[in-house]
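Examining the three-dimensional arrangement
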Amino acid sequence: MRNYCHALWLVLVWPFCAIGQKNTIALPEIINYGSLDYNGGTQNWRIAQDERGIIYVANNKGLLSYDGSRWKKYKLPNETIVRSVAVGEDGNIYVGGQSEIGYFSANKQGVLEYHSLTGLIPTNQREFADVWNVVALKDQVFYHSNKKIFLYNNGKMVVYPSVHWDHLGYSNGMILANEYEKGLLQFKNGLWVPFIEQPVFPARTRVVDFISLNNDTVLLATKKDGIYYLSHNKLTRFNSPDLQQLSDKNVGGIVKLNNDKLAIATNLAGCFIVDRQGKLEQHISKQEGLQYNNVISLFVDRRKNLWLALDNGVDFIAYNNAIRHFFPDKQEHATGYSAYLYKNNLYLAMATGLYRAPVESTTDLSTVQSSFSLLKNTKGQLWNLSEVNGQLLMGHNDGAYQVQGDQVSLIDGSTGFWFFMPISSIQPSATIVAGTYNGLNFYTYENGRFINKGIKSHFESARYVSIENNIAWVAHPYLGLYKVQLDNGVNPTYKVYADQKHIISSNHNFIFKIKSRTILSTDKGLFEYDAKTDDFVPCIFLRKIFGNTSIQYLKEDDKGNIWFIQNQKLGVVDMGGKEPVIVYIPELNQKLLTNGFDFIYPYNSKNVFVAGDQGFYLINYEQYKTITGTTPLLITSVKATSDHDSCLYAGYTRQVNADDIMVNSQLSRLPNKWNTLHFEFSAPLFGKQASVEYAYMLEDFDKGWSAWSSKTEKEYTYLPPGKYTFKVQARSHPGDTPQMRSYQFEVLPPWYLSRLAWIAYASLLVFGVFTFGRIQKRKFAQQQFKYEEENKKLQYLHQLELEKSESEIIKLRNEKLEAELQLKNKELATTTINLVQKGEVLHKVKDEFMRMKKTGTEAENPEDLKKLIKMLEPEKVKKDWEQFALHFNQVHDDFLIAIKREYPTLTSTEIKLCAYLRMNISSKEIAHIMNITVKSVELSRYRLRKKLQLAPEANLFNFLLEFHSKKNGGTPEDLNRQG
């Protein structure tokens with residue numbers, strides 16, 4: 001973890017430090033990085049930075065890199081100490097170690113890989129020890145060891161041996177080196193030539209650094225022999241009383257902070273800041289917060305902040321920051337509560353007492369050199385410093401005090417005091433009111449003295465008070481609001497505010513005076529006192545700015561800006577433009593006081609005091625507003641997690657411009673097993689990491705941007721196949737235009753969902769469909785055959801059923817016909833019997849009449865007799881025959897018609913004979929029917945056989961029974977006509 005200036009003062013300061021030397025009373029923030037933070041060796045030798053902002057440190061255990069959030073370590077092949085480091089214009093990180101030279105460069109995955117150049121050194125020159133300096137130019141890289149300087153150029157190595165090379169550096173376009181015996185040399189046309197014929201410093205003077213002061217002047221720092229100007233090939237000693245004090249501190253290096261300031265590293269007394277005249281402006285040592293006083297080298301980063309490579313650790317000094325620190329109690333770092341500038345003295349009220357520092361100028365207190373001292377009789381908890389009637393009053397846990405210079409005097413020791421303020425706006429106010437642990441106390445001001453007459457209005461602790469129109473409104477965070485009628489401090493009375501509108505909170509009630517208005521802040525928002533209604537109403541002006549949120553602290557400065565604290569976040573409503581604008585100070589988030597003891601003292605635009613949990617912060621708001629530019633941002637790591645982690649991108653790239661960081665397309669296609677990705681990102685905004693916020697999203701996965709947070713990593717697990725773009729943006733101040741970086745990648749589907757697999761699936765599907773089609777076709781054919789067979793069977797069964805039905809119908813019809821035939825036969829038989837009986841009767845009647853005729857009895861009535869005989873003639877029989885023929889043909893399938901058509905020569909008598917014979921009527925009966933003799937019947941049968949052309953052995957009855965006409969046709973009328 002980082003140690004933010006927490007180092008305890010474990011040992012006494014070095015006796016040779018500038019004892020009693022005045023320092024600036026405000027210090028820049030110092031961040032300590034120990035070996036446990038960067039996981040490396042204790043000693044650090046050189047520091048460099050690339051174009052993207054990443055810091056590189058030459059460390060005992062390898063090369064360290066720091067992106068603002070994470071340290072990484074890279075070892076040399078022989079695992080030796082890295083003594084020097086430089087970043088080339090090509091983006092390579094050139095390093096020198098023990099018997100090793102080479103460089104780190106990023107591969108396609110952005111991983112730093114080491115490339116040794118030792119193999120290019122001629123074999124007889126490979127013996128060398130530590131490489132102390134590296135100078136990397138566009139096409140030349142110089143490595144400096146004690147006895148050799150190596151020049152790497154276009155893949156070749158040139159060696160320049162010497163008795164002792166002291167230092168190598170680059171300044172104003174010149175490569176300079178100091179050789180113990182030859183002095184200062186310049187590299188020209190491949191040779192080292194003398195730069196100054198007659199150096200002014202003694203021989204064997206050890207030069208430790210070169211820097212460019214301006215276009216024609218180089219500053220040379222020696223270890224123990226002072227600092228020199230090198231201008232127009234002339235060396236001039238840089239003399240000043242303050243610089244003479246550094247001659248015995250073992251100078252280790254020098255850097256240019258800006259056009260006016262220089263920083264000098266020493267091995268014995270920390271770091272010194274001097275101006276161009278050599279005047280000491282600031283001394284930063286272990287007492288001020290460094291881890292150790294042994295500073296090996298210095299480095300100024302791209303934002304003009306200072307890095308220190310220490311004998312044990314790395315320290316960062318936010319020198320170019322608009323926020324500084326006050327630690328009046330040195331290493332104790334107690335909590336600050338109140339501050340006040342009074343009569344050229346800065347007073348700071350701390351948890352340990354009251355501290356005073358004389359100040360000559362109040363333009364920018366961060367540059368004022370002075371020292372704090374603890375005033376006597378003030379130890380203990382202090383709460384407030386207030387100027388009333390031109391007098392400085394102090395609210396202490398033990399009572400109320402008046403401060404005059406470095407002396408304090410007790411006014412009232414009856415209780416603890418929170419604040420003091422005049423009742424009247426007319427100065428001096430005859431009566432002042434003081435907030436105490438018990439309520440309000442009132443004091444009379446006479447002849448420069450505050451007199452306690454015992455006037456008070458006690459109800460509860462009174463820490464938040466606003467006076468308006470002779471009324472004091474007292475807010476208690478937990479107990480509510482009180483209204484005190486001051487009556488000019490003569491007879492004050494109070495009453496509890498009747499919260500009819502329910503605006504009072506259970507534990508967040510505060511009262512302030514803003515824009516000459518009494519402002520009440522609760523959980524319900526901001527309200528102002530309305531004298532017309534004698535009540536609090538919503539403050540429209542402030543609610544337009546803050547909305548309905550709760551504000552814990554409000555303070556107006558001399559320019560009308562409103563400073564505020566909300567949930568331990570500091571900000572200011574800047575009223576300098578057409579519309580109010582909120583400017584946040586996120587560097588102090590979570591560093592302020594808590595539990596309602598917030599304090600802001602905006603003395604002027606360059607000196608805004610803020611009480612912190614450790615000392616005080618001084619904000620140069622005028623400088624702070626000039627901070628411009630976007631927050632730098634890097635994606636520092638992309639890892640895919642499966643059976644083992646796989647680094648897809650390590651954050652380093654050969655592009656020197658951060659905006660040109662590109663994603664390697666070869667890395668964008670990830671196997672499906674790498675569907676869990678871990679992203680790390682950081683903003684190399686050193687000294688402001690607490691204020692940096694990040695938001696991220698994964699396109700085509702997340703619904704939108706995440707909320708802003710300080711989180712510097714994000715993991716997505718089990719991503720489905722698809723193309724994605726991870727985006728991250730950073731800001732250091734709310735309202736800034738955020739910087740954004742992105743990483744594109746594609747998670748491939750699993751092998752069973754890959755394109756080849758889909759082709760295989762398609763092929764299998766086609767083959768399966770084809771095979772299935774064939775099987776189905778065969779199955780269909782089989783089913784069709786089976787169906788046809790079943791159909792045939794069904795048809796057959798149906799046919800059988802039909803035939804059975806038809807048979808049944810035929811049977812029924814036949815039975816009907818048979819019944820009808822039987823009926824016809826009965827009718828025919830009846831008719832035949834009738835005919836036979838009638839013929840017999842008629843024959844008998846006829847015989848009788850013939851006998852009567854012969855006997856002569858007809859004479860009695862001859863005419864009647866003739867008529868009777870006539871009635872018995874065959875005409876009557878003919879009609880009976882027609883009726884018989886009709887029934888006979890119906891019963892015997894038109895037999896008479898058929899046989900007549902077959903044998904047209906048959907006479908009607910013979911046809912009748914056929915009918916009678918078919919009915920199997922005896923010859924005797926036929927004779928009676930036909931009214932002929934039996935003999936005549938026999939004769940007729942004989943003739944009939946001849947006409948029918950029957951053989952002698954043929955049976956006439958069988959022939960007539962089996963005879964069937966081949967064709968139907970004819971009617972009984974035809975038969976009658978033929979008969």
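For every chain, the first residue of the written sequence is number 1, and numbering continues from 1 along that sequence. The predicted nature of this model means local features are confined to residues of pLDDT at least 70 and side-chain atom pairs, given and counted, to a pLDDT of 80 or more, with totals for whole chains, interfaces and linings taken over all residues. Computation of side-chain values: all heavy atoms of the structure, hydrogens and water removed.

**Some words on the pattern of salt bridges**
- Note on definitions: salt bridges are taken to be side-chain nitrogens of Lys or Arg within 4 Å of carboxyl oxygens of Asp or Glu. Applying the stated rule across the entire model yields 20 salt bridges.
- The shortest N-O distance in the salt bridge between K483 and D534 comes to 2.7 Å. Taken together, the positions of K483 in strand 47 (residues 480–485) and D534 in the loop between strand 51 (525–530) and strand 52 (535–538) put the pair 51 residues apart, joining distant regions of the chain.
- Only protein chains enter the area calculation, which uses a 1.4 Å probe; residues under 20% of their type maximum are buried, those over 50% are exposed, and those in between are partly exposed. Relative accessible area serves as the criterion here: at 9%, K483 is assigned to the buried category.
- We note a salt bridge from D535 to K501, for which the minimum N-O separation is 3.8 Å. Here D535, found in strand 52, pairs with K501, found in the loop between strand 48 (493–496) and strand 49 (510–514); they are 34 residues apart in sequence, far enough to count as distant. Here a helix means four or more residues in a row that DSSP labels H or I, a strand means two or more in a row labelled E, and each is numbered from the N terminus.

**Observations regarding the sheet that holds strand 23 (residues 234–238)**
- Strands pair, by our definition, only if DSSP identifies at least two bridges between them. Spatial strand order, 20-21-22-23: four strands in an open sheet with antiparallel pairing. Whereas interior strands pair on both sides, the edge strands pair on one side only; in this sheet they are strand 20 (207–214) and strand 23. Strand after strand, the sheet turns through a mean of 25° between neighbouring axes, direction not considered. The angle between two axes is taken between their N-to-C directions and runs from 0 to 180 degrees, where each axis is a line fitted to C-alpha atoms and a helix contributes only its stretch in contact.

**Comments concerning the layout of surface pockets**
- Buried and open spaces are told apart on a 1 Å grid over the protein atoms alone, a cavity being a set of points where a 1.4 Å probe fits but cannot get out and a pocket being an open set with protein on both sides within 12 Å along at least five of seven lines. Residues with an atom within 4 Å of a point are the lining residues. Grid points are joined across faces, edges and corners, and a volume is the space filled by probe spheres set on the points. Counted as a void, the second largest pocket has a volume near 1,300 Å³.
- Contributing to the lining of the second largest pocket are 43 residues, with S386, F420, M421, V465 and K555 lying nearest its centre.
- Listing elements by their share of the lining of the second largest pocket, those giving two or more residues are strand 32 (336–341), strand 37 (382–388), strand 41 (417–422), strand 45 (464–468), strand 49, strand 53 (553–556) and strand 57 (600–604).
- For the lining of the second largest pocket, the leading source of residues is strand 37, giving six residues.
- When residue character is reported, Ala, Val, Leu, Ile, Met, Phe, Trp, Tyr, Cys and Pro are called nonpolar, Asp, Glu, Lys and Arg charged, and the others, Gly included, polar. The residue makeup of the lining of the second largest pocket, split by class, is 25 nonpolar, 11 polar and seven charged.

**Let's talk about the packing of aromatic side chains**
- For Phe, Tyr and Trp, where Trp contributes only its six-membered ring, two rings pair if their centres lie within 6.5 Å, and the inter-plane angle classes them as stacked under 30 degrees, edge-to-face over 60, or tilted in between. Throughout the structure, instances matching the rule amount to 73 aromatic pairs.
- Relative to F959, the ring of Y903 has its centre 6.4 Å away and its plane inclined at 65°; by these criteria the two rings are edge-to-face. With Y903 in the loop between helix 8 (895–902) and helix 9 (908–918) and F959 in helix 12 (residues 956–962), this residue pair connects regions lying 56 residues apart in the sequence.
- On the basis of relative accessibility, which here comes to 17%, the residue Y903 falls in the buried class.
- The class for F959 is partly exposed, based on a relative accessible area of 21%.
- Through successive ring pairs, a cluster of aromatic residues spans Y649, F679, F681, Y694, Y696, F701, Y716, Y724, F726, Y743 and F745.

**What to know about the sheet that holds strand 8 (residues 82–87)**
- Strands sit in the order 8-9-10-11 across an open sheet of four strands; the sheet is antiparallel. Looking along the sheet, the strands with just one partner apiece sit at the ends: strand 8 and strand 11 (112–116). Ignoring which end each strand starts from, the neighbouring axes of this sheet average 25° apart.

**Points about helix 9**
- The buried count for helix 9 comes to eight of 11 residues, which makes it a mostly enclosed element.
- If you check which residues of helix 9 are buried, you get E910, I911, L913, C914, A915, Y916, L917 and R918.
- Once helix 9 finishes, N920 follows within two positions and takes phi at roughly 60°, a positive value.

**What to know about the confidence of the model for the protein chain**
- You can read pLDDT as the predictor saying how much it trusts each residue, on a scale of 0 to 100. Model confidence for the protein chain is summarised by a mean pLDDT of 85, while 87% of its residues fall at 70 or above.
- Averaged pLDDT values over the elements of the protein chain bottom out at 43 in helix 13 (residues 972–978) and peak at 98 in strand 5 (residues 55–59).
- Contact definition: two residues touch when any of their heavy atoms are within 4.5 Å. Here residues 660–666 is a poorly scored stretch, pLDDT under 50, and it has 12 contacts once near neighbours within four places are set aside; other chains count.
- In the model, residues 965–979 has pLDDT below 50 throughout and makes 20 contacts with residues more than four positions away in sequence or in other chains.

**Quick notes on the pairing of strand 17 (residues 174–179)**
- Of all six residues in strand 17, six are buried, a share of seventy percent or more.
- Side-chain alternation along strand 17 places M174, L176 and N178 on one buried face and I175, A177 and E179 on a second face that is also buried.
- Two strands pair when backbone bridges link them, and strand 16 (residues 165–171) and strand 17 are joined in this way by six bridges, in the antiparallel orientation. Across the sheet, residue S171 finds its bridge partner in strand 17, namely M174.
- Taken together, strand 16 and the strand that follows it, strand 17, pair antiparallel across an intervening segment of two residues, in which N172 is found at a positive phi of about 50°.
- Alignment of strand 17 against strand 18 (residues 183–188), held across four bridges, turns out to be antiparallel. Paired with A177 across the bridge in strand 18 is L185.

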